[in-house]
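The chain contents come next:
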Amino acid sequence: KRNNDVLGLAWFNDSLHAASFHRQKMTVDWSASTPIRTVADFEAVIDDAIALTGFSGTDTLLLLENEQFMHQADDIPVFSDKVLRSYLKNRVQRHEQTNGKVLWVMQPLITMKQEQSIILHLLPRSFYDDLNRVLLKRHLDLRGEDLEARAQHRERGAREPGDRSGEPRRAGGAGFGGHGER
């Protein structure tokens with residue numbers, strides 16, 4: 001049984017902030033006193049974040065914006081959902097040939113053009129796996145962590161209603177949430 005506590009982590013560039021929430025109300029916050037650039041840096045301070053926020057639950061929410069998290073804006077022709085999924089899958093596969101496996105999600109942009117504008121958010125799979133291992137060692141579970149199940153569901157060709165990108169999305173918006181073929 002889960003309680004109503006959530007550990008919120010905000011890792012923006014070199015800064016890491018944490019806050020403990022009880023029933024959606026922040027109770028205690030904490031900030032790293034040193035720059036956090038790598039997963040090893042993150043692991044070196046996460047125990048302090050947990051202890052000093054008094055967090056005793058498992059649910060964790062991560063907001064991430066750092067050099068590992070890439071964003072590619074592009075104008076593309078207006079495609080049907082099926083063609084758009086194929087286009088994005090091929091684009092991600094080309095990216096993975098030189099950069100390795102990624103988690104990804106497409107975010108549509110509203111424009112006045114005849115083209116469709118998108119932002120493709122890409123996170124190296126190895127970065128995510130390393131970060132998730134650090135959290136799991138501390139019995140912390142990324143909230144809404146159904147990523148693997150949804151990705152496997154997607155690989156079998158199933159489609160989620162209303163998902164224009166053709167890839168799974170995480171709760172909470174434009175974070176990473178999909179992944180290409182493994």
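Structure's up top.
Described below are features of the structure shown in this document.

Calculation notes
- Residues numbered from 1 in each chain as written.
- Predicted model: local features only at pLDDT ≥ 70, side-chain atom pairs only at ≥ 80, totals over all residues.
- Heavy atoms only, no water.
- Core = buried A, V, L, I, M, F, W, Y, C linked by side-chain atoms within 4.5 Å.
- Buried < 20%, exposed > 50% of the residue type's maximum accessible area, 1.4 Å probe, protein only.
- Helix = DSSP H or I, 4+ residues; strand = E, 2+ residues; numbered from the N terminus.
- Contact = heavy atoms within 4.5 Å.
- Patch = residues over 30% accessible without salt bridge, like charges linked within 9 Å, V, L, I, M, F, W, Y side chains within 5 Å.
- Areas by Shrake-Rupley, 256 points an atom, 1.4 Å probe, with all protein chains shown as cover.
- Salt bridge = Lys/Arg side-chain N within 4 Å of Asp/Glu carboxyl O.
- Pairing = 2+ DSSP bridges.
- Axes fitted to C-alpha atoms, helices over the stretch in contact; angles between N-to-C directions.
- Expected span 1.5 Å × (residues − 1).
- Phe/Tyr/Trp six-rings, centres within 6.5 Å; stacked < 30°, edge-to-face > 60°.

Looking at the nonpolar core
- Ranked by internal contacts, the top residues of the largest apolar core, which has 27 residues, are L9, W11, L16 and F42.
- At the level of secondary structure, the elements contributing two or more residues to this core comprise β1 (5-12), β2 (15-22), α1 (39-53), β4 (59-65) and α3 (125-137).
- With 6 residues, the single largest contributor to this core is α1.
- Excluding residues within four positions of it along the chain, L9 makes contact with H17, A18, F42, I46, T60, L61, L62, L63 and L135.
- Judged by nonpolar contacts, the second largest core, of 10 residues, contains W104, M106, I118 and L122.

Structural notes on a nonpolar patch on the surface
- On the surface, F12, L61 and L63 cluster together into a nonpolar patch covering about 260 Å² of accessible area.
- Position of L61 relative to the elements: it lies in strand β4.
- The exposure class assigned to L61 is partly exposed, which follows from its relative accessible area of 39%.

Let's talk about unusual backbone geometry
- A positive phi angle is found at Q24, which is not glycine, with a value near 65 degrees.
- If you trace the backbone, Q24 turns up in the loop between β2 and β3 (25-31).

Re the sheet that holds strand β5 (residues 70-76)
- Spatially, the 3 strands line up as an open sheet ordered β5-β7-β6, and their pairing is antiparallel. Since the sheet does not close on itself, it has two edges, and those belong to β5 and β6 (102-109), each with one partner. Put simply, the sheet's adjacent strands are angled 20 degrees from each other on average, direction ignored.
- Here 8 bridges tie β6 to strand β7 (residues 116-124), and the two strands are oriented antiparallel to one another. For W104, the partnering residue across the bridge sits in β7 and is L122.
- In this fold α3 packs onto β6 and β7, with an angle of close to 50 degrees to the strand it touches most, β7.

Describing the pattern of salt bridges
- The full count for this structure, using the stated rule, is 8 salt bridges.
- For R91, the salt bridge is made with D74, and the minimal N-O distance between the two is 2.8 Å. Of this pair, R91 sits in helix α2 (residues 81-99) while D74 sits in strand β5; the two residues are 17 residues apart in sequence, bridging distant segments of the chain.
- Looking at R91, the relative accessible area reads 13%, which means it is buried.

What about α3?
- Along its 13 residues, α3 runs 18 Å from first to last C-alpha, staying within 8% of the 18 Å computed at 1.5 Å per residue.
- Along α3, the residues classified as buried are R125, F127, Y128, L131, N132, V134 and L135.
- Looking one or two residues beyond α3, the residue adopting positive phi is H139, at roughly 60 degrees.

A look at the packing of aromatic side chains
- Counting across every chain of the model gives 3 aromatic pairs.
- Each ring, one from W11 and one from F42, has its centre 5.4 Å from the other, and the planes form 15 degrees; the classification is stacked. Placement of the pair is W11 in strand β1 and F42 in helix α1, with a sequence separation of 31 residues.
- Judged by its relative accessible area of 0%, W11 falls in the buried class.
- Measuring from ring centre to ring centre gives 5.4 Å for F79 and Y87, while their planes differ by 40 degrees; the resulting arrangement is tilted.
- Judged by relative accessible area, Y87 falls into the partly exposed class, the value being 24%.
- Taken together through their ring pairs, the aromatic side chains of W11, F42 and F127 make up a single cluster.

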